[in-house]
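Understanding the architecture of this molecule
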Amino acid sequence: MSRKNFGSKTWLYPMPVLIVAAYGKDGKPNAMNAAWGGIYTDNTIGVCIAESHKTTQDILASGAFTVSMATADRVIACDYVGIVSGNREPGKFAKAGFHAVKSEFVNAPLIAELPMALECELLSYDKESNFMTGKIVNVSADEDILGSDGQIDVARLKPIVYDPVHHTYLKIGDKAGTAFSDGKQLR
């Protein structure tokens, strides 16, 4: 077996594309694209976002945020909120074509155009590592992405992942197996 070494890189697959949103002190919604995040413990999410981001400041002030899955049909808007700073463009949420709907569970906006979100209360933020954790209070999903079993259907959700090597967004593909089941063949 021959392997090529690349050194220390932030390469991990799949890397979800998360759209983090919060209300500012003025009550206006703001959002950013965050690729470095995921489930941290049973009911918490962890996201690495710099303190200089307006969204980070909004979360620290409000104590709440939402995390939506970026989707294939909203790639342009989701990328836009990642490349434009809310510190320089106060209307970037609306310019992305996003509309805010207040969460029933936390003081943070749901993004109407993104059909799935984790609604979170801020637990901690470490300024040195930029690591933020939030307690997942609720997961909400538009009914049009639910399957016949009443659960989220990933094919209808159409979440995207980030390829950090080639700087591209990829659609999640076909089923490869059944978790907690296929390995039983080796018992």
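Look up: the structure comes first, before these words.
About the criteria used
Residues numbered from 1 in each chain as written. Predicted model: local features only at pLDDT ≥ 70, side-chain atom pairs only at ≥ 80, totals over all residues. Heavy atoms only, no water. Pairing = 2+ DSSP bridges. Helix = DSSP H or I, 4+ residues; strand = E, 2+ residues; numbered from the N terminus. Axes fitted to C-alpha atoms, helices over the stretch in contact; angles between N-to-C directions. Contact = heavy atoms within 4.5 Å. Polar contact = N/O pair within 3.5 Å; in protein donor to acceptor, adjacent residues only side chain to side chain. Core = buried A, V, L, I, M, F, W, Y, C linked by side-chain atoms within 4.5 Å. Buried < 20%, exposed > 50% of the residue type's maximum accessible area, 1.4 Å probe, protein only. Salt bridge = Lys/Arg side-chain N within 4 Å of Asp/Glu carboxyl O.

Let us look at the sheet that holds strand β10 (residues 131-141). In space, the seven strands of this open sheet follow the order β3-β2-β6-β9-β10-β5-β4, with antiparallel pairing throughout. The sheet is open, and its two edges are formed by β3 (29-34) and β4 (37-41), each paired on a single side. Ignoring which end each strand starts from, the neighbouring axes of this sheet average 35° apart. Examined bridge by bridge, strand β9 (residues 116-126) and β10 share ten bridges and lie antiparallel to one another. Bridged to D126 within β10 is F131. Where helix α1 (residues 54-62) meets the sheet, its contacts fall on β2 (18-23), β3, β6 (64-69), β9 and β10, and the angle it forms with β2 comes to roughly 50°. Of the strands in this sheet, β2 and β3 touch helix α2 (residues 75-83), which is tilted by about 95° from β3.

Its place among the elements puts T56 in helix α1. Within the local environment of T56, its side chain forms a polar contact with the backbone oxygen of A50, the two atoms lying 2.7 Å apart. For T56, the residues in contact, after removing those within four places along its chain, are I49, A50, E51, Y125 and M132.

Turning to the nonpolar core, a few remarks are in order. Ranked by size, the top nonpolar core spans 20 residues in total, and within it V20, I45, I49, I59, F65, V67 and L118 carry the most contacts. Going through the elements one at a time, β2, β3, β5 (44-48), β6, β9 and β10 are the ones with two or more residues in this core. Excluding residues within four positions of it along the chain, I45 makes contact with G38, I39, Y40, F65, V67, L118, C120, M132, T133, G134 and I136. A21, A77, C78 and Y80 belong to the second largest nonpolar core, which has 18 residues in total.

Scanning the entire structure with this criterion turns up three salt bridges. Here D58 and K54 are joined by a salt bridge, their closest N and O atoms 3.0 Å apart. Placement of the pair is D58 and K54 together in helix α1, with a separation of four residues, close to one helical turn. Across the pair R156 and D153 runs a salt bridge whose closest N-O atoms are separated by 3.8 Å.

Our next topic: the sheet that holds strand β12 (residues 168-171). Where strands meet in a sheet, backbone hydrogen bonds hold them as pairs that are either parallel or antiparallel. Within the open sheet, the three strands sit side by side as β1-β11-β12. Their pairing is antiparallel. Edge strands, defined here as strands with exactly one partner in the open sheet, are β1 (15-16) and β12.

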